[in-house]
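Survey of secondary and tertiary structure
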Amino acid sequence: MTVLILDNPDLLARAAIESGLPMPSLASDDTPRKPHRLRFHYGFNKHRLEEQDLAILRQHALYLRHNPGVTVRIHGHADNFGVSEYNHFLSRLRASSAAKLLIREGVRESQILVSGWGSDRPLARPEDRAANRRLELEYVTMEMARAL
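Parameters at a glance
- Residues numbered from 1 in each chain as written.
- Predicted model: local features only at pLDDT ≥ 70, side-chain atom pairs only at ≥ 80, totals over all residues.
- Heavy atoms only, no water.
- Core = buried A, V, L, I, M, F, W, Y, C linked by side-chain atoms within 4.5 Å.
- Buried < 20%, exposed > 50% of the residue type's maximum accessible area, 1.4 Å probe, protein only.
- Helix = DSSP H or I, 4+ residues; strand = E, 2+ residues; numbered from the N terminus.
- Contact = heavy atoms within 4.5 Å.
- Expected span 1.5 Å × (residues − 1).
- Arc of directions from axis to C-beta.

Once that is clear, we can look at the nonpolar core. Counting 23 residues, the largest nonpolar core has Leu57, Val72, Ile74, Leu102 and Leu135 as its most contacted members. For this core, the secondary structure elements donating two or more residues are α2 (51-66), β2 (70-76), α3 (84-104) and β4 (134-141). If you tally residues by element for this core, the top one is α2, at 6 residues. If near-sequence neighbours (up to four positions away) are discounted, leucine 135 is found in contact with Leu38, Arg39, Phe40, Tyr42, Leu49, Ile74, His75, Gly76, Arg94, Ala95 and Ala98.

In structure tokens, the structure reads:
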């Protein structure tokens, strides 16, 4: 079985229209859109994001404040260098730091779920350590939750 995952709002809307699904009302121009960037990378043994990454995370906070029915899952990850226990701690610290920033920016705690995966879910080959030191945001709406 092949599964295609689309993260392009225009393609998703076009597919929904063609399949006859009801379309939600369009947001007004002053409603913030969800930023497209959902993945952030870290330096070795770091849990703080660079300033440009923090700016994008603040855009996510703005989107979440204007969409209280949306939940975000924050997944922290680490590379496979060092002991597993420390990598799990570091990945959880990365996710918690991002969650604290969102809360400081006005996002409700009930909209945030945090997980730390350590090096258990690599994005790339284990030896590609820099790619695996990351934070990922996953948005979940009530409609998506009901469909699962």
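Now for α2. Along its 16 residues, α2 runs 23 Å from first to last C-alpha, staying within 8% of the 22 Å computed at 1.5 Å per residue. Of all the positions in α2, only Asp53, Leu54, Ile56, Leu57, His60, Ala61, Tyr63 and Leu64 are classed as buried. Down the axis, α2 shows its buried residues gathered within 165 degrees of arc, on one side only. Residues of α2 that are exposed and point over 90 degrees away from its buried face: Glu51 and Gln52.

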